[in-house]
Amino acid sequence: MVKSSLNTLSAYKPGKPLEEVRRELGLKKITKLASNENPFGTSKSVTRILNEGATSLSYYPDGAGRILRENIAAFHGVSTDKILLGSGLDDVIQIISRAVLEPGDNIIEAAPTFSQYSLHATIEGAETIRIPVNEATGKSDLTAMASAVNTRTKIIWLCNPNNPTGTISSQQEVLTLLESVPNDVLIISDEAYFEYATSAEYPDTFALLDRFPNLIIMRTFSKIYGLAGLRIGYAIIPDPLIEPLNIVRLPFNTSSIAQSAATAALSDQAFVEKCIDANTKGLQQWYDFLDERSLTYYKSDANFIFFDTKHDATELFNQLLQKGYIVRAGLRPNWLRITIGSASENRACIQALASILDTK
Ligand SMILES: *Cc1c(COP(=O)(O)O)cnc(C)c1O
């Protein structure tokens, strides 16, 4: 009854609601460090808007999201027409995949990377070509990704910083990639964690837009802006793709509340700066701990740390859960990905992990 591409897939299993986990385990408090959300919430300018926003809920949102798109366009210095809004980047990934991929096509991605690229490729009947990251550095291998391109390649997904490794590709690496693939292959730079990237080599992809009509940039309000619950993100789209993507996009895919909250969030860059600063310090807490224990990790340009625990990660996941910490296992045997929380959350989670490791 269903299309055959779905046969190999299973539905996303969301984690249990936090409150339920807390009650089941009889814990006073539970700290979620599993999905790279912002431990500091969102900007005060957002909460102010939300308190005022409930008056016009009986009307459909502005399907075009005009005000938010104008603000995003001004923020980046690009044309408003090029901004595509999505109900989170998950939606944008689905829209692009649906509009571009046909059975027999393929996409290229790093391994490991964000799971949604391949999921939507598979649904559309396309293949996924996975290029392992460099084992020692965790870096995506853009040279190998470029070499893997064939006549059926439609998209190269470049997650930068990459989730879950936290590593980045440099301006030079991205430029070389763009120069070495045919321009009918889309290069999609997923910059969900871009704000957290502090390495000097982190690329300015906006500077490349004019030269490369096959470059798409994606940003989200879910991570540093702290609006994961409202579902809103966007992409900068090359002109010829705007109309086809808008055919696929649901007419009211972003809510009026999400649009106004995102507009308010964008206006408070001081909040963003504060979060970047706290994240850099939080990463250092983890580096100090991991160095002390001689555990292998990748230097992170994101708000999470991916490291080799030298033990079974699923077991550690469960033991951390018993102590009230939800982290992410299952991405690579023995490795955990943990979101950088507030200083006290980091300290407490590190302490919990240390006490578990000491019993091994
Ligand atoms: C979290 C994440 C996204 C999706 O975020 P949305 O909440 O759907 O905007 C996209 N890409 C990467 C790499 C992510 O980690």
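Residues numbered from 1 in each chain as written. Predicted model: local features only at pLDDT ≥ 70, side-chain atom pairs only at ≥ 80, totals over all residues. Heavy atoms only, no water.

**Student:** Sorry, what's going on with the domain arrangement of the protein here?
**Tutor:** Interface size, as often reported, equals the accessible area lost upon joining of the parts. Taken domain by domain, the protein consists of domain 1 (4–32 + 270–358) and domain 2 (51–267). Summarising the inter-unit geometry, the C-alpha centres of domain 1 and domain 2 are found 25 Å apart. Counting residues at the interface gives 21 residues for domain 1 and 27 residues for domain 2. Across the domain 1 to domain 2 interface the summed buried area is about 1900 Å²; carbon plus sulfur atoms make up 62%. (Domains from an automatic or database assignment. Contact = heavy atoms within 4.5 Å. Buried area = accessible area lost by both parts, 1.4 Å probe.)

**Student:** Even after reading the chapter, I still don't get the UniProt feature "modified residue: N6-(pyridoxal phosphate)lysine" (unreviewed entry) in the protein, so can you show me in this structure?
**Tutor:** Mapped onto this structure's residue numbering, the UniProt feature "modified residue: N6-(pyridoxal phosphate)lysine" (unreviewed entry) falls at Lys 223. Structurally, Lys 223 can be placed in the loop between strand 7 (215–220) and strand 8 (233–236). Once residues within four sequence positions are removed from consideration, Lys 223 is found in contact with Ser 35, Asn 36, Asn 38, Ala 192, Tyr 193 and Tyr 196. At 3.1 Å, the side chain of Lys 223 and the side chain of Tyr 193 are in polar contact. (UniProt positions renumbered as here; feature names shortened; annotations may be inferred. Helix = DSSP H or I, 4+ residues; strand = E, 2+ residues; numbered from the N terminus. Polar contact = N/O pair within 3.5 Å; in protein donor to acceptor, adjacent residues only side chain to side chain.)

**Student:** Looking at this structure, how should I read the pattern of salt bridges?
**Tutor:** It is possible for side chains of opposite charge to pair when their charged atoms get near one another. Enumeration over the complete set of coordinates arrives at 15 salt bridges. Ionic pairing is found between Glu 70 and Arg 66, a salt bridge with its closest N-O pair at 3.5 Å. With Glu 70 and Arg 66 both in helix 3 (residues 66–76) and four residues apart, this pair spans about one turn of that helix. Among the salt bridges present, the one from Asp 277 reaches Lys 281, with a minimum N-O distance of 3.0 Å. Within this pair, Asp 277 and its partner Lys 281 are both found in helix 10 (residues 269–292), separated by four residues, close to a single helical turn. With a relative accessible area of 41%, Asp 277 lands in the partly exposed category. (Salt bridge = Lys/Arg side-chain N within 4 Å of Asp/Glu carboxyl O. Buried < 20%, exposed > 50% of the residue type's maximum accessible area, 1.4 Å probe, protein only.)

**Student:** Explain a nonpolar patch on the surface to me, please; I cannot follow it from the model alone.
**Tutor:** On the surface, a cluster of nonpolar side chains totalling about 400 Å² of accessible area is made up of Met 1, Val 2 and Leu 6. Judged by its relative accessible area of 55%, Val 2 is exposed. (Patch = residues over 30% accessible without salt bridge, like charges linked within 9 Å, V, L, I, M, F, W, Y side chains within 5 Å. Areas by Shrake-Rupley, 256 points an atom, 1.4 Å probe, with all protein chains shown as cover.)

**Student:** Sorry, what's going on with the nonpolar core here?
**Tutor:** Proteins that are soluble and globular tend to have nonpolar side chains buried together. Ranked by internal contacts, the top residues of the largest apolar core, which has 75 residues, are Ile 96, Ile 155, Ile 156, Ile 216, Met 218 and Phe 221. When we break this core down by domain, the ones giving at least three residues each are domain 1 (4–32 + 270–358) and domain 2 (51–267). Excluding residues that lie within four positions of it along the chain, Ile 96 makes contacts with Leu 101, Ile 155, Leu 186, Ile 188, Ile 216 and Leu 245. Of all hydrophobic cores here, the second largest spans 26 residues; its members include Leu 33, Tyr 287, Ala 313 and Leu 320. (Core = buried A, V, L, I, M, F, W, Y, C linked by side-chain atoms within 4.5 Å.)

**Student:** I keep staring at the packing of helix 2 (residues 44–52) against helix 9 (residues 256–267) and nothing clicks. Help me out?
**Tutor:** What describes two packed helices is the angle between their axes and the distance between those same axes. Where helix 2 meets helix 9, the axes come as close as 8 Å, and the angle between the chain directions of the two elements is 150 degrees. For the element pair helix 2 / helix 9, the angle class is roughly antiparallel. Relative to helix 9, the crossing made by helix 2 is right-handed. Facing Ser 45, Val 46, Ile 49 and Leu 50 of helix 2, the residues of helix 9 in contact are Ile 257, Ser 260, Ala 261, Ala 264, Ala 265 and Ser 267. Partitioning the contact of helix 2 with helix 9 into residue classes produces seven nonpolar, three polar and no charged. (Axes fitted to C-alpha atoms, helices over the stretch in contact; angles between N-to-C directions. Parallel < 35°, antiparallel > 145°, perpendicular 65-115°, else oblique. Left-handed = near helix turned anticlockwise from the far one by under 90°. Nonpolar A, V, L, I, M, F, W, Y, C, P; charged D, E, K, R; others polar.)

**Student:** Please clarify how the sheet that holds strand 6 (residues 186–190) should be interpreted in this entry.
**Tutor:** Across a sheet, strands are paired by hydrogen bonds formed along the backbone, either parallel or antiparallel in direction. Read from one edge of the open sheet, seven strands run 2-8-7-6-5-3-4, paired in mixed fashion. Taken across any chain shown, the strands that pair with only one partner, and hence form the sheet edges, are strand 2 (83–86) and strand 4 (127–132). Strand-to-strand, the axes of this sheet are offset by a mean angle of 25 degrees, without reference to chain direction. Two elements, strand 7 and strand 8, share four bridges in a ladder whose sense is antiparallel. Bridge pairing in strand 8 places Arg 219 opposite Tyr 234. In the packing of helix 3 onto the sheet, contacts are made with strand 2, strand 7 and strand 8, and the angle to strand 2 comes to roughly 125 degrees. (Pairing = 2+ DSSP bridges.)

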